[in-house]
Amino acid sequence: MIRALAVVVPARDEQELLGGCLEAVHRAARHPRVRDLPVRVVVVADACTDGTAAIARRHGAEPLELAAGNVGAARAAGSDHALDAALASRPGLAPDGVWLAHTDADSLVPVGWLAQQLAHAAAGWHAVVGTVRVTDWSGHPDSTAAAFRRHYRQGGWFAGHPHIHGANLAVRADAYRAAGGFEPLTVGEDRALVAGLEATGHRVKRTTRCPVATSARRGSHVRGGFGDFLQDLDALAG
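Each value, and the rule that gives it
Residues numbered from 1 in each chain as written. Predicted model: local features only at pLDDT ≥ 70, side-chain atom pairs only at ≥ 80, totals over all residues. Heavy atoms only, no water. Buried < 20%, exposed > 50% of the residue type's maximum accessible area, 1.4 Å probe, protein only. Helix = DSSP H or I, 4+ residues; strand = E, 2+ residues; numbered from the N terminus. Arc of directions from axis to C-beta. Contact = heavy atoms within 4.5 Å. Pairing = 2+ DSSP bridges.

Visitor: An account of helix α5 (residues 144-152) is needed here, citing residue identities and associated values.
Guide: Within the span of α5, buried status applies to Thr 144, Ala 145, Ala 147, Phe 148 and Tyr 152. The buried residues of α5 occupy one face: seen down the axis, they fall within an arc of 160°. Relative to its buried face, α5 has exposed residues pointing more than 90 degrees away, namely Arg 149 and Arg 150.

Here's what the structure looks like:
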């Protein structure tokens, strides 16, 4: 049974969007099926040159400052910190009672996000892999949104979905450790973790419920990440 939760948010110079992200996370933590459990929110301010850490504190999150400049290392550091803090704060708590949820600083989780994950955890799933949606296509050609929808739903979703996003990913802490945790990769650390979970026999729930709204901003913070994927769609759409 899950007795404690943590939400880990890697951030690099995200002072403009981080506040909205954290407000959404706190709303999810106040859900009736979640609010009786402790929820620790850790923002990993990685190689930041702006006020990201201060914004995290202002919004009730715990900043963890890092100089790695690497999203995989940031997610790993935040996960380890959150898990160690949860275990230290509750005597008798073991990793199988801690749930680690992950999102991104430019994303907005829905109010039922954590509650839905807890329901999957109670049903015996070790990890939950969700989807994303884009609500603001400003700065992109008109045809990019349609191209994104076609690509994203390619092949249908009759048996879950094929996507993996660090913006909508959660895992029970014992499974996380058994799978080797996040690798220090500049891109694809989320896919590597899910591959590790599946390779070690853990149950991974792929769901289209509770999609996370993510940014379609031009100019990616991670080469080869979601922002670059959208720029490729822009080129095709144009």
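There's more to say after this.
Visitor: Give a description of helix α7 (residues 189-199) that names residues and reports values.
Guide: For α7, the set of buried residues is Glu 189, Asp 190, Leu 193, Val 194, Gly 196 and Leu 197. All buried residues of α7 fall inside an arc of 160° around its axis, so they share one side. Buried positions along α7 lie against α3 (71-89), β6 (127-129), β8 (169-172), α6 (173-178) and β9 (204-206). Note on α7: the residue one or two positions beyond its end, Gly 201, has a positive phi of about 80°.

Visitor: Explain the sheet that holds strand β7 (residues 132-133) residue by residue, including any values.
Guide: Judged by pairing direction, the sheet is mixed, and its 3 strands sit side by side in the order β5-β10-β7 without closing on themselves. Each having just a single partner strand, β5 (107-108) and β7 make up the two edges of the open sheet. Relative to strand β10 (residues 212-214), β7 is paired through 2 bridges, and the arrangement is parallel. Among the inter-strand pairings, Arg 133 is bridged to a residue of β10, identified as Ala 213.

None of the figures reported here should be taken as evidence of function without further support.
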